[in-house]
Amino acid sequence: MMNEAIQCLMERRSCRNYKPDMIPEDVLRQILEAGTFAATGMGRQSPIMIAVTDPKTRDQLSRMNAAVMGSSGDPFYGAPVVIVVLANRDIGTYLYDGSLVMGNLMNAAHALGVGSCWIHRAKEEFESEEGKALLARLGITGNYEGIGHCILGYEAEPCKPPLPRKENYIYHI
């Protein structure tokens, strides 16, 4: 019999097709709170999260992200919620800390029946003048680097089953 937490970790998949339905505030709050409990180097809690539910800001981020890769499509696959994870570069473990927050967000979302996917290019977005202006508008100051976007929403179709695990994934000594 498999533990529920382990089963959740093994079943989570990235979703790339979302319904437009907004996630209820209490569900989003639980996902965000799980992000705050991610392990961080020496407990310094270097990451911050920006929960974007405002369609105008969500679309601005989508446009900025698409521009980084030279595209005009929606890199957020229609997801109605974007959680931007940034982390303080002054903390030596910032990149790992932010990555663990991203993992917690995606696993919490799956546990609550919400689809998720990690979308890259947050670093480039928030190094741009437009990204810096957005942070300033929000009152966010500091030496932050964009780690990723955790997009959230309800799956429009079931995710594909997992691929078989590769050979030699684990070495046991």
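Residues numbered from 1 in each chain as written. Predicted model: local features only at pLDDT ≥ 70, side-chain atom pairs only at ≥ 80, totals over all residues. Heavy atoms only, no water.

Moving on: the overall build of the protein. Helix and strand content of the protein: 6 helices and 4 strands. Secondary structure elements of the protein, listed N to C terminal, follow the sequence α-α-β-α-β-α-β-α-α-β. For the protein, the C-alpha radius of gyration of 16 Å lies close to 16 Å, the compact-globule estimate for 173 residues. Counting only C-alpha atoms, the protein reaches 50 × 40 × 35 Å along its principal axes. Taking all 173 residues of the protein together, the buried fraction comes to 39%. When contacts within the protein are restricted to residue pairs at least 6 apart in sequence, those whose partners lie at least 24 apart make up 83%. On the protein, roughly 10,200 Å² of surface is accessible, and the fraction owed to carbon and sulfur atoms is 55%. Of the side chains in the protein, 17 bear a positive and 20 a negative charge, and the two mean positions are spaced by 4 Å. (Helix = DSSP H or I, 4+ residues; strand = E, 2+ residues; numbered from the N terminus. Rg over C-alpha atoms; globule rule 2.2 N^0.38 Å. Buried < 20%, exposed > 50% of the residue type's maximum accessible area, 1.4 Å probe, protein only. Contact = heavy atoms within 4.5 Å. Areas by Shrake-Rupley, 256 points an atom, 1.4 Å probe, with all protein chains shown as cover. Lys, Arg positive; Asp, Glu negative; His and termini not counted. Charge placed at Lys NZ, Arg CZ, Asp CG, Glu CD.)

This paragraph deals with helix H3 (residues 55–68). Under the 1.5 Å per step criterion, the end-to-end length of H3 is 20 Å for 14 residues, consistent within 8% with the ideal 20 Å. Those residues of H3 that sit buried are Thr57, Arg58, Gln60, Leu61, Ser62, Met64, Asn65 and Ala66. Considering only its buried residues, H3 is in contact with strand E1 (47–52), strand E2 (81–88), strand E3 (115–119), helix H5 (122–127), helix H6 (129–137) and strand E4 (144–153). Phi for Gly70, located one or two positions after H3, is positive at around 70 degrees. (Expected span 1.5 Å × (residues − 1).)

The next thing to look at is the pattern of salt bridges. Enumeration over the complete set of coordinates arrives at 7 salt bridges. Asp74 is the partner of Arg58 in a salt bridge, and the nearest nitrogen-oxygen pair spans 2.7 Å. Placement of Arg58 in helix H3 and of Asp74 in the loop between H3 and E2 is noted, with a sequence separation of 16 residues between them. Here Arg58 falls in the buried class, since its relative accessible area comes to 7%. Glu129 is the salt-bridge partner of Lys132, the closest N and O atoms lying 3.8 Å from each other. Here Lys132 and its partner Glu129 are both found in helix H6, 3 residues apart, which amounts to about one turn of the helix. Given a relative accessible area of 62%, Glu129 falls into the exposed group. Ionic contacts of the salt-bridge type, sharing partners, join the residues Arg89, Lys123, Glu127 and Glu145 into one network. (Salt bridge = Lys/Arg side-chain N within 4 Å of Asp/Glu carboxyl O.)

As a further point, take a nonpolar patch on the surface. A contiguous nonpolar patch, built from Met2, Ile6, Leu9 and Met10 and spanning about 390 Å² of accessible area, is present on the exposed surface. Following the sequence through the fold, Met10 ends up in helix H1 (residues 4–11). (Patch = residues over 30% accessible without salt bridge, like charges linked within 9 Å, V, L, I, M, F, W, Y side chains within 5 Å.)

Purely geometric numbers; function is a separate question.
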